[in-house]
Amino acid sequence: MIETKNLSKIYNPGKFEVKAVNNISALFKEGEFTSVVGPSGSGKTTFLNCVGGLDQPTSGEVIISGENITKLSGSKIINYRLNNIGFVFQAYNLIPVLSAKENIEMIMLLQGVDENNRISRTNELLNQVGLYEMRNRRPSQLSGGQQQRVAVARALASKPKFILADEPTANLDSKSTSNLLDIMSQLNEAENITFIFSTHDQRVIDRARRVVTLEDGKIVNDNKK
Amino acid sequence: MILKIAWRNIYRNKKRSLITITSIFAALFLIILMRALQFGFYDKLIETVVESYAGYVEVHADGFWDNQNLDNSMEVDQSLINDIKSIEGVDNIVQRLQTFSLISMGNKTKGGVINGVNISDEQKITDWNKKMISGTFKIKKNEIIIGKGIAEYFDIKENDTLILYGQGYRGMMAAGKYPVKGVIDLKNPNLNKLGVFMNIETARNYVSSDEISTHIIVDKKQYYDEEKIANDLTQVLSKDYEIMTWKETLPEIEQTITADSAGGVIMAFILYIIVVFGMFGTVLMMTEERKYEFGVLISIGMSRIRLFGIILIETIILSMIGVFIAILITYPITYYYNLNPIDMATLMGEGANDMIEEMGFSPLMPMSIEWDIPLTHALVIFIFSLLISIYPAIKISKLNPVKSMKL
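Some points on the overall build of chain B
A tally of regular secondary structure across chain B gives 17 helices and 14 strands. Its C-alpha atoms give chain B a radius of gyration of 30 Å, more than 25% over the compact-globule value 22 Å for 407 residues. Along the longest, intermediate and shortest principal axes, the C-alpha atoms of chain B span 100 × 50 × 25 Å. With 407 residues in all, chain B has 38% of them scored as buried. Long-range pairs, those at least 24 residues apart, make up 80% of the contacts in chain B with a sequence separation of at least 6.

Here's the deal with the overall build of chain A
The secondary structure content of chain A amounts to 7 helices and 10 strands. Computed over the C-alpha atoms, the radius of gyration of chain A is 17 Å, within 12% of the 17 Å expected from 2.2 N^0.38 for a compact globule of 225 residues. Across its three principal directions, the C-alpha atoms of chain A cover 50 × 40 × 30 Å. Classification of the 225 residues of chain A by burial places 48% in the buried group. Partitioning the intrachain contacts of chain A with sequence separation of at least 6 by distance along the chain shows that 70% fall at a separation of at least 24.

Considerations on the domain arrangement of chain B
Considered domain by domain, chain B is made up of domain 1 (2-49 + 253-404) and domain 2 (55-249). When each unit is reduced to the centre of its C-alpha atoms, the spacing between domain 1 of chain B and domain 2 of chain B is 46 Å.

Looking at the nonpolar core
Within the largest apolar cluster, 99 residues are counted, with the highest numbers of intra-cluster contacts made by Val 152, Ala 153 and Leu 164 of chain A together with Ile 24 and Leu 28 of chain B. At 9 residues, helix α2 (residues 14-52) of chain B tops the list of elements feeding residues into this core. Residues in contact with Val 152 of chain A, not counting those within four places in the same chain, are Val 88, Val 129, Leu 180, Ile 183 and Met 184 of chain A. Formed by 54 residues, the second largest nonpolar core is a distinct cluster that contains Ile 93, Ile 200, Ile 212 and Ile 217 of chain B.

Considering the packing of α2 of chain B against helix α12 (residues 304-339) of chain B
Residues and elements named next belong to chain B. Where α2 meets α12, the axes come as close as 8 Å, and the angle between the chain directions of the two elements is 35°. The way α2 lies across α12 gives a crossing that is right-handed. Where α2 approaches α12, its residues Ser 17, Thr 20, Ile 21, Ile 24, Phe 25, Leu 28, Phe 29, Ile 32, Leu 33, Ala 36 and Gly 40 are matched on the opposing element by Leu 318, Ser 319, Ile 321, Gly 322, Val 323, Ile 325, Ala 326, Ile 329, Thr 330, Ile 333, Thr 334 and Asn 338. Broken down by class, the residue content of the contact of α2 with α12 amounts to 15 nonpolar, 8 polar and no charged.

Comments concerning unusual backbone geometry
All names here are of chain A. The phi torsion at Ser 65 lies on the positive side, around 45°, for a residue other than glycine. Examined against the element boundaries, Ser 65 turns out to sit in the loop between β4 (59-64) and β5 (67-68). The backbone of Asn 192 sits at a positive phi, close to 60°, despite the residue not being glycine.

Description of the interface of chain B and chain A
In this assembly, 14 residues from chain B lie in contact with 16 residues from chain A. Within the residue set of the side of chain B that touches chain A, elements represented by two or more residues are α1 (2-12), α11 (291-299) and α17 (401-404) of chain B. Among the elements that take part in the side of chain B that touches chain A, α1 of chain B stands out by supplying 4 residues, more than any other. For the side of chain B that touches chain A, the residue count by class is 8 nonpolar, 4 polar and 2 charged.

Observations regarding the sheet that holds strand β3 (residues 33-37) of chain A
Residue and element names in this part refer to chain A. Spatial strand order, β6-β7-β8-β3-β9-β10: 6 strands in an open sheet with mixed pairing. The open sheet has two edge strands, β6 (85-88) and β10 (218-224), and neither has a second partner. Going across the sheet, the axis of each strand differs from the next one's by a mean of 15°, ignoring polarity. In this sheet, β10 lies alongside strand β9 (residues 210-215) in antiparallel orientation, the contact comprising 6 bridges. Looking across to β10, one finds that Leu 214 is bridged to Ile 219.

Here we look at the environment of Ile 229 of chain B
Residue and element names in this part refer to chain B. Mapped onto the secondary structure, Ile 229 falls in helix α8 (residues 226-236). Distance from Ile 229 to Pro 374, taken between C-alpha atoms, is 27 Å for residues 145 residues apart in sequence. When residues no more than four places from it in sequence are discounted, the contact partners of Ile 229 are Val 57, Ile 87, Gly 89, Val 90, Val 218, Lys 220 and Tyr 224.

Some thoughts on the sheet that holds strand β2 (residues 18-28) of chain A
Residue and element names in this part refer to chain A. Ordered by their spatial adjacency, 4 strands build an open sheet running β2-β1-β4-β5, and the pairing between neighbours is antiparallel. The strands lining the two open edges of the sheet, one partner per strand, are β2 and β5. The pairing of β4 with β5 spans 2 bridges and is classified as antiparallel. Within the sheet, the bridge partner assigned to Ile 64 lies in β5 and is Glu 67.

So, the packing of helix α3 (residues 100-111) of chain A against helix α4 (residues 115-128) of chain A
All names here are of chain A. Their axes nearest at 9 Å, the elements α3 and α4 cross at an angle of 130°. The angle between the axes of α3 and α4 places the two elements in the oblique class. Taken as a pair, α3 and α4 cross one another with a handedness that is right-handed. Across from Ala 100, Lys 101, Ile 104, Glu 105, Met 108 and Leu 109 in α3, the residues of α4 making contact are Arg 118, Arg 121, Thr 122, Leu 125 and Leu 126. Looking at the contact of α3 with α4, its residues break down into 6 nonpolar, 1 polar and 4 charged.

Description of the pairing of strand β4 (residues 108-117) of chain B
Residues and elements named next belong to chain B. Pairing analysis gives 10 bridges linking strand β3 (residues 90-105) to β4, with the strands arranged antiparallel. The residue bridging Leu 97 from the neighbouring strand is Gly 116, located in β4. Turn length for the β3-β4 hairpin, with the two strands adjacent in sequence and antiparallel, is 2 residues, and the turn residue Gly 106 shows positive phi of about 60°. In terms of strand pairing, β4 meets strand β9 (residues 195-199) through 5 bridges, oriented parallel. In the strand pairing of β9, Asn 115 is matched with Phe 197.

Here we look at helix α1 (residues 44-51) of chain A
Counting buried positions along α1 of chain A yields 8 of 8 residues, so the element is predominantly enclosed. The complete set of buried residues in α1 of chain A reads Lys 44, Thr 45, Thr 46, Phe 47, Leu 48, Asn 49, Cys 50 and Val 51 of chain A.

Digging into the environment of Val 275 of chain B
Residue and element names in this part refer to chain B. Structurally, the position occupied by Val 275 is in helix α10 (residues 251-289). On the basis of neighbour count, Val 275 is assigned to the buried category, with 23 C-beta atoms found within 10 Å. Not counting the four nearest positions on each side in its chain, Val 275 is found in contact with Ser 23, Ile 24, Ala 27 and Ile 381.

Conventions adopted
Residues numbered from 1 in each chain as written. Chains lettered and ligands numbered in written order. Predicted model: local features only at pLDDT ≥ 70, side-chain atom pairs only at ≥ 80, totals over all residues. Helix = DSSP H or I, 4+ residues; strand = E, 2+ residues; numbered from the N terminus. Rg over C-alpha atoms; globule rule 2.2 N^0.38 Å. Buried ≥ 20, exposed ≤ 12 C-beta atoms within 10 Å, placed from the backbone. Contact = placed C-beta atoms within 7 Å. Domains from an automatic or database assignment. Core = buried A, V, L, I, M, F, W, Y, C linked by C-beta atoms within 7 Å. Axes fitted to C-alpha atoms, helices over the stretch in contact; angles between N-to-C directions. Left-handed = near helix turned anticlockwise from the far one by under 90°. Nonpolar A, V, L, I, M, F, W, Y, C, P; charged D, E, K, R; others polar. Pairing = 2+ DSSP bridges. Parallel < 35°, antiparallel > 145°, perpendicular 65-115°, else oblique.

Put into structure tokens, the structure is as follows:
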């Protein structure tokens, strides 16, 4: 369960301050498939960054499974992210010098997983996202959709409780988007992994079971289907 | 995996990596060859000067060096010789009796240095027998060999007789007539102008003493350190003796080497500056270009220390490839020129040979093949790599993943 309490992120405090996230309190239960939507500049990405521990909020708390991650700093927060949260980015953000297989395996290597388990988990994930045959290709040799599927597999590699996806379909065509959403829905249903997306994409919004709408850093609508 | 990422990152930007490696290689190539030539020259200089007259280590009676007269000479017995020979690294030892004297022929007179030597033992240490330009080195009792400069001064022919006149032992007068049986070219103008050589018994007879010597010349085995031998001798011999290395007896050689070496160090430093800026430029670009990637890696859970490790390994690999190639290419070159020294006389043209020898140097300049030359400079490059890596380390430690991914 992810809970935010009075979460705020203010840029340039005191001068030309911008309240990117303005006092948001929200609860995301395990197994939810949530879209955070809103116009550009509404604070979707900043909210996700604060929830994922990538950005330090100006005030408020983010509590994940009872642990206040806003109090973690330095290597502790990096380690927390590694073991508990999976990230999927708009620009895929795969490591260009590593193959699809190695990009996935790297996460488990950082976790200290032994080689046999690493290999079997990597193969399992590659099969899940339908890219086993392309496992040795580098990101530059994959299409955008394929890269994003590798990114999803990488996000799942650490067996996280949550996956935070920032505009994951923004650079994908319809077919790739549909394919990616199918994989994510399947994982959500089969493994009860919580997905939180920030998105503009109506196709993602249509598939979400909960839609949280942000405007000027505040939740203006929270719609559960 | 970290090593794999580092290696592939080097390979990712081939041109930049190649330029960096080439700059390290080029600088190190020049540094190694320059230092190999310098150290080869120093070795040759030491060999020429030290082995042609002085020894690596000399033993005298205490106080002799500051007041070089026969009253400060010593009597050498077998136990003293045994003590010296017991020191590790000592190869051969010879005794000499050296004294100043006037040399006269006809109506010409000049000063000189009488060297009483053991003819057969001396050949184990010096190469005087190879430096004879006329006559023989194997002289008998009451015969002498003179330096080229003395021969020219007196216009001496073989079997001409010289009169030696000087101070003997304990106030005795030293005088005698000696036929010249050979002329030697010691490749050193001063030694050539002063040196008179005779059998040590003849010399003792000349100064009216049967027992004394002024010098014990100690030759070392190859690769042994003369400083250590001198230190060991200090432990073994009594305070009645003074022990000096060639650096003390021939300080001008040490000074020449130090001064010349300083020039080499300055040159190497200039080349290092070029290398360091080249490497720093690469690391700077590498860090700035990959801020986004660093942000991603930190976001997905890579610790900053591991990330720094990648950059450090990349920098070290880049520099060590340059170092390795430089060593690989310079070693055969230095090895070849060690066996086939560069003949400066040939390079400088006619008359250069005499000019160089007049200066007391050998015209042959071998390159040193001592491993400490490339290894020292490889170590310097390695240390610079570590120092250069401080920049990305600082950048990574301060990196905000969100900001860096907004680039």
